[in-house]
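# Observations on chain architecture
Each chain, letter by letter, is given below.
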Amino acid sequence: MQWDVTLLEFVDSTNSYAKSLAIEGAKEGTVIIAETQKNGRGRLGRVWDSADGKGIWMSLILRPSISPQSMLIITQAASVAIINALTETVGVNAFIKWPNDIMISNKKLCGILTEMSAEADLVNYVILGVGINIYHSKEDFSDGIKDKAISLQMYQDMNKDDIIKSKMFKPIERDQLISSILMNIEDQYKKVIEGKSEEILTDWKRHSLMLDKRITFEKDNCYITGVVQGISNNGGLIVVCDSGIRHEVIYGEITLQG
Ligand code: BTN
């Protein structure tokens, strides 16, 4: 894959910008990175805090020949790629909270917003949006997420002694992390195209925070609690609730218990 990277000072949302380019026919491998986003978007219509120069705000255009139904694997492939890149370049072990939040110290470091345009059997384009908090201090996050979010800098500052002792310390180089993410996405994306989803899912499960955990999710306006027993082929969570009923959770928000 030939990545074609455009760096912007300021943009509404890199996902929205990449989408307009994709509609005009921009090729697969187009990457938009911005220093600041005025209207960074998160999953489920949420706002994504994108403080000036503090993170990686980036969107990739992909045009995979896969069915729209197998789209979740792209997000899972990206999660694995980002985790590998974080280990390689910063020496951080990160985990996945379903469906695609990347966590360290049980706080959110990175979010992925995958959007697509598709017809019945054909994907026109996919916009893979990645937001990673890098240089924030706690005060840089807005009040609603202050206690739930973390940046790489905060993690290193909080754990400096342990990280140095474990010889895992590596200074944070944003550009190096971006290159590593793009290289790792390329590797994982190749597996998607070659139909090697099993390999991706094996790695994804290895880094998942969810297996065997008690979680609560919402279904038809009711909250249901159960234990995560596995991941379905669609990438959904298989949850067995206390009454023994088995659910597949493929959309929405979950809460980890205890
Ligand atoms: C989430 O809700 O966890 C997903 C957040 C995704 C944020 C990134 S930042 C770059 C790209 N552009 C956006 O507007 N959103 C994504």
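What you see is a predicted model, and the numbers here were worked out from it, not measured in a lab. (Residues numbered from 1 in each chain as written. Predicted model: local features only at pLDDT ≥ 70, side-chain atom pairs only at ≥ 80, totals over all residues. Heavy atoms only, no water.)

In spatial order, the strands read 11-10-9-8-12; together these five strands make up an open sheet with antiparallel pairing. Two strands in the sheet have a free side with no partner beyond their single neighbour: strand 11 (246–249) and strand 12 (254–256). Neighbour to neighbour, the strand axes of the sheet diverge by 40° on average, direction disregarded. In the sheet, strand 9 (residues 222–231) pairs with strand 10 (residues 237–241) via five bridges, with the strands oriented antiparallel. Paired with V228 across the bridge in strand 10 is V239. (Pairing = 2+ DSSP bridges. Helix = DSSP H or I, 4+ residues; strand = E, 2+ residues; numbered from the N terminus. Axes fitted to C-alpha atoms, helices over the stretch in contact; angles between N-to-C directions.)

In this section: the pairing of strand 10. For strand 10, the buried fraction is high: four of the five residues fall into the buried class. Both strand 10 and strand 11 contribute to a ladder of four bridges, which runs antiparallel. From the neighbouring strand, I238 faces strand 11, where its bridge partner is E248. The antiparallel hairpin formed by strand 10 and strand 11 contains four residues in its connecting segment, where G244 sits at a positive phi of about 95°. (Buried < 20%, exposed > 50% of the residue type's maximum accessible area, 1.4 Å probe, protein only.)

Here the focus is the packing of helix 2 (residues 72–90) against helix 5 (residues 174–193). One way to put it is that helix 2 packs onto helix 5 with a least axis distance of 8 Å and a crossing angle of 140°. In terms of their interaxial angle, helix 2 and helix 5 are classed as oblique. In terms of crossing hand, the pair formed by helix 2 and helix 5 is right-handed. Contact residues: I73, I74, A77, V80, A81, I82, N84, A85, L86, E88, T89 and V90 in helix 2; Q176, L177, S180, I181, N184, I185, Q188, Y189 and V192 in helix 5. Broken down by class, the residue content of the contact of helix 2 with helix 5 amounts to 14 nonpolar, six polar and one charged. (Parallel < 35°, antiparallel > 145°, perpendicular 65-115°, else oblique. Left-handed = near helix turned anticlockwise from the far one by under 90°. Contact = heavy atoms within 4.5 Å. Nonpolar A, V, L, I, M, F, W, Y, C, P; charged D, E, K, R; others polar.)

Bringing unusual backbone geometry into the picture now. The omega angle of the peptide bond from W98 to P99 is 0°, so this bond is cis rather than trans. Relative to the helices and strands, P99 resides in the loop between strand 4 (95–97) and strand 5 (101–104). Even without being a glycine, L44 presents a positive backbone phi close to 55°. Considering the arrangement of structural elements, one finds L44 in the loop between strand 2 (30–37) and strand 3 (55–62). Judged by its relative accessible area of 35%, L44 is partly exposed. Here the phi dihedral of D220 falls at roughly 45°; this positive angle occurs in a residue that is not glycine. Structurally, D220 can be placed in the loop between strand 8 (214–219) and strand 9.

With that settled, consider the sheet that holds strand 4. Within a beta sheet, neighbouring strands are joined by backbone hydrogen bonds and run either parallel or antiparallel to one another. Across the sheet, seven strands lie side by side as 1-2-3-7-6-5-4; this open sheet has mixed pairing. What marks the edges here is a single partner per strand, and that holds for strand 1 (4–11) and strand 4. Sheet twist, expressed as the mean angle between neighbouring strand axes with direction ignored, is 20°. Each of strand 1, strand 2, strand 3 and strand 7 (122–133) is contacted by helix 5, which is oriented at about 30° to strand 3, the strand it contacts most.

For the rest of this paragraph, the subject is the pattern of salt bridges. All chains considered together, the criterion is met by 13 salt bridges. Residues D140 and K54 are paired through a salt bridge, measuring 3.5 Å at the closest nitrogen-oxygen approach. Here D140 is found in the loop between strand 7 and helix 3 (152–158), whereas its partner K54 is found in the loop between strand 2 and strand 3, with 86 residues between them in sequence. Across the salt bridge formed by R214 and D242, the nearest N and O atoms sit 3.1 Å from each other. (Salt bridge = Lys/Arg side-chain N within 4 Å of Asp/Glu carboxyl O.)

This brings us to helix 1 (residues 14–23). Each α-helix turn comprises 3.6 residues. Residues three or four places apart therefore point the same way. Along helix 1, the residues classified as buried are T14, N15, A18 and A22. Looking down the long axis of helix 1, one finds its buried residues gathered within 95° of arc, a one-sided arrangement. Between a side-chain oxygen at the N-terminus of helix 1 and the backbone nitrogen of N15 the separation is 3.2 Å; the capping residue is S13. Looking one or two residues past helix 1, G25 carries a phi angle of roughly 105°, positive in sign. (Arc of directions from axis to C-beta. Polar contact = N/O pair within 3.5 Å; in protein donor to acceptor, adjacent residues only side chain to side chain.)

Right, let's talk about the pairing of strand 7 for a bit. Across the 12 residues of strand 7, 10 count as buried, placing the element largely inside the fold. For strand 3 and strand 7, the ladder comprises eight bridges, and the chain directions are antiparallel. Counterpart to L62 in the pairing with strand 7 is V126. Here strand 6 (residues 107–119) runs beside strand 7; their pairing, made up of 10 bridges, is antiparallel. Pairing of I112 across the sheet is with V130, part of strand 7.

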